[in-house]
Amino acid sequence: MKNLARFAVALTGALVFSAAPVALAQNGPGISDKEILICAYQPMTGSESSYFRMGKGADAWFKYINDNGGINGRKVNFNMVDDKYEPARTATIVKRFIERDGCFAIVAPLGSAPTSAVIDYIVEQKVPLVGAGTGAAKNLEYPSKWVFPLYPSYKDEGKDLVRFAKEVFKAKKIALLYQNDPSGKTHLEGIKSVLTKYGVELVSEQGYETKEVDVSSQVVAMKNANPDAVICSCAPEHAAKFYTERKKFGWNVPVVNVFFGKSPKVPELAGKDAVEGVYFSTIFRDFDSPAPQVKQALQILKKYYPEEEPDAIHLWGIAAAQVFTEAMKRMGRDNITRDRLVETLESIKGWKESVVPVVTINKGNAPEHFIVRDMSYVVYKGGRFQDFTPPWVK
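In this report, the structure presented in the accompanying data block is examined. (Residues numbered from 1 in each chain as written. Predicted model: local features only at pLDDT ≥ 70, side-chain atom pairs only at ≥ 80, totals over all residues. Heavy atoms only, no water.)

## Some thoughts on unusual backbone geometry
Thinking step 1. In this model, Asn-72 sits at a positive phi of 50°, which is unusual for a non-glycine residue.
Thinking step 2. For Asn-72, the location among the structural elements is in the loop between helix 2 (52-67) and strand 2 (75-82).
Thinking step 3. Here the phi dihedral of Asn-226 falls at roughly 55°; this positive angle occurs in a residue that is not glycine.
Thinking step 4. Structurally, Asn-226 is set in the loop between helix 9 (216-224) and strand 8 (229-233). (Helix = DSSP H or I, 4+ residues; strand = E, 2+ residues; numbered from the N terminus.)

## Some points on helix 6 (residues 154-167)
The α-helix winds at 3.6 residues per turn, so residues separated by three or four positions along the chain end up facing the same way.
Thinking step 1. Counted at 1.5 Å a residue, the expected span for helix 6 with its 14 residues is 20 Å, and the 20 Å between its end C-alpha atoms agrees.
Thinking step 2. Restricting attention to buried positions, one finds in helix 6 the residues Tyr-154, Glu-157, Gly-158, Leu-161, Val-162, Phe-164 and Ala-165. With its buried residues spanning 160° around the axis, helix 6 presents them on a single face.
Thinking step 3. A distance of 2.9 Å separates the backbone nitrogen of Lys-155 from a side-chain oxygen at the start of helix 6, and that oxygen is part of Ser-153. (Expected span 1.5 Å × (residues − 1). Buried < 20%, exposed > 50% of the residue type's maximum accessible area, 1.4 Å probe, protein only. Arc of directions from axis to C-beta. Polar contact = N/O pair within 3.5 Å; in protein donor to acceptor, adjacent residues only side chain to side chain.)

## Structural notes on helix 2
Thinking step 1. Taking 1.5 Å as the rise per residue, helix 2 with 16 residues should run 22 Å; its terminal C-alpha atoms sit 22 Å apart, in good agreement.
Thinking step 2. Of all the 16 residues making up helix 2, 13 are buried; the element is thus mostly covered by neighbouring parts of the structure.

## Remarks on the environment of Val-147
Thinking step 1. With respect to the element layout, Val-147 can be found in strand 5 (residues 147-148).
Thinking step 2. The buried category is assigned to Val-147, whose relative accessible area is 3%.
Thinking step 3. Along the primary structure Val-147 and Phe-370 are separated by 223 residues, whereas in three dimensions their C-alpha atoms are 9.1 Å apart.
Thinking step 4. Here Val-147 is in contact with Ile-119, Val-123, Leu-129, Asn-139, Tyr-142, Asn-365, Ala-366 and His-369, once residues within four sequence places are set aside. (Contact = heavy atoms within 4.5 Å.)

What follows is the structure, given as structure tokens:
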């Protein structure tokens, strides 16, 4: 009996020992002993490929992190796939990310239309969506803890741009050139919502498709409406086409462009003279900022993408990658789950170590999760973007 008792005790101890690893919290999908797999869809080719700067910015940051030991001993496998800014393609790619690849999170993807096409599925699968390059209302107002928007709503930006046209240009009549997708339509919604408030009339609204190569008919229609100012809700390529046509017609109407069209690509394509005097909204400090965080980002970008002309769009990707990295560092090495990532992101308060001056993420859903909240302005003058302070900020 004594031997039997000793055997029972030994067996119990063995069972407890063998069960111990199971009792420990397990890591989530995409987390191995040596790697963190995260994914992003990007317009690496196609008509919106200038936005691939965002992906390159994020990739440069993660390359830097990996070359300096990774995150708590794990390297970041940042898997970017080209969706050509085509929502149907994006849907296929994201399904593969989640169901085949088992990515831990989707970080720094690009596009309003692509994101709008997949956000329901991403949330349904309980996958964190961190820092998507979109300001479309659906994505920024999404009632889910899994969504962490990068920057302010296009609707709010649209409202701000009407105020800008009124107070800076003294405009009573405005025209709008916009991308016919969720980004442009959200700008349009914001613009229309404050026309009465500011006593401004929208005399022409001209949409274009992302694959259009010519916006001359839209420019003629706007010119014929005789507005006092134009709001351009345009990506860099189409913004450049507009400024080229405006110059060709000798039309010197004042223009303010939405922030996602602010890029060195615009004067490069249209010519500096065509862009001279155009105002742009912006959400990031420029790369010539003296802030050490921006100087570091510039060094990293030059190291890993030396052929790139530094651009605010690079900073979109860097900002999203930095916030993700900070949360992962705070999580330690064990129990790395998607739920804990959400909780840890929500714990970031007053953080100043990124290209964003201050990051505070609150508990809740997408509207409480913004990484960047404030907007400012620049004017293209003398061959470069220069800071401009609108009268209501002074």
